[in-house]
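Commentary on secondary and tertiary structure
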Amino acid sequence: MHRKAVRYATRTTTAAAGAVAGAASSVAAAAVAAAIIFSPVPDASARMEGVHEDLLRAVQLNQITEEQAVKFEARLAGRILGGA
């Protein structure tokens, strides 16, 4: 009878530890999601500056042409700055 009690205590302790670990990971995931959701949105000019830098880098890496970068930046400026 004593062995059964020890096995039961071990199993329930292991199950409880698993439940606590699962709850902790859920709380951590919720904290990360909240940080993303409630982080401040950059203003339109900061966004356009980032777009410009990314497009310059793409041109430098020969991923797109300068003409493509100019057209794409103009299109995004219309969406970002026009919608602001």
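Model, not experiment: these values are computed from the prediction. Residue indices follow the written sequence of each chain, beginning from 1 at its first position. It should be noted that, the model being predicted, local features are given only for residues of pLDDT at least 70 and side-chain atom pairs only at 80 or more, the latter also being counted only at that level, while totals for whole chains, interfaces and linings use all residues. Remark: hydrogens and water are excluded; side-chain values derive from all non-hydrogen atoms of the structure.

**Remarks on the overall build of the protein chain**
- To qualify as a helix, a DSSP run of H or I must reach at least 4 residues; to qualify as a strand, a run of E must reach at least 2; elements of each kind are numbered from the N terminus. Helix and strand counts for the protein chain stand at three helices and zero strands.
- Going residue by residue from the N terminus, the α and β elements of the protein chain occur as α-α-α.
- The proportion of buried residues among the 84 residues of the protein chain is 12%.
- Reported accessibility uses the Shrake-Rupley method at a 1.4 Å probe radius. Residues are deemed covered only where the shown protein chains occlude them. Element-wise, carbon and sulfur atoms account for 64% of the exposed surface of the protein chain, whose accessible area totals about 6900 Å². Whether a residue is buried, partly exposed or exposed follows from its accessible area with a 1.4 Å probe, protein chains only, as a fraction of its type maximum: under 20%, in between, or over 50%, in that order.

**Observations concerning the nonpolar core**
- In terms of nonpolar packing, the biggest core is built from nine residues, these being A44, M48, V51, L55, V59, A69, L76, A77 and I80.
- Considering each element in turn, this core owes the most residues, five residues, to helix 2 (residues 44-60).
- In this description, contact between two residues means that some pair of their heavy atoms is separated by no more than 4.5 Å. When residues no more than four places from it in sequence are discounted, the contact partners of L76 are M48, V51 and L81. Here the nonpolar core consists of buried residues drawn from Ala, Val, Leu, Ile, Met, Phe, Trp, Tyr and Cys, with membership extended through side-chain atoms lying within 4.5 Å.

**Observations regarding the packing of helix 2 against helix 3 (residues 66-82)**
- Axis definition: a line fitted to C-alpha atoms, over the contacting stretch in the case of helices. Angles run 0 to 180 degrees between N-to-C directions. Viewed as axis vectors pointing N to C, helix 2 and helix 3 meet at an angle of 165°, and their least axial separation amounts to 10 Å. Overall, the two elements helix 2 and helix 3 adopt an arrangement that is roughly antiparallel. Helix 3 is crossed by helix 2, and the crossing has right-handed handedness. Note on element contacts: helix 3 touches helix 2 through E66, A69, F72, E73, L76, A77, I80 and L81, opposite A44, R47, M48, V51, H52, L55 and V59.
- For this classification, the nonpolar set comprises Ala, Val, Leu, Ile, Met, Phe, Trp, Tyr, Cys and Pro, the charged set comprises Asp, Glu, Lys and Arg, and every other residue, Gly included, is treated as polar. Here the residues of the contact of helix 2 with helix 3 sort into 11 nonpolar, one polar and three charged. Here the angle decides the label: under 35 degrees means roughly parallel, over 145 means roughly antiparallel, 65 to 115 means roughly perpendicular, and every other value means oblique. Each crossing gets its handedness from the near helix: less than a right angle anticlockwise from the far helix is left-handed, clockwise is right-handed.

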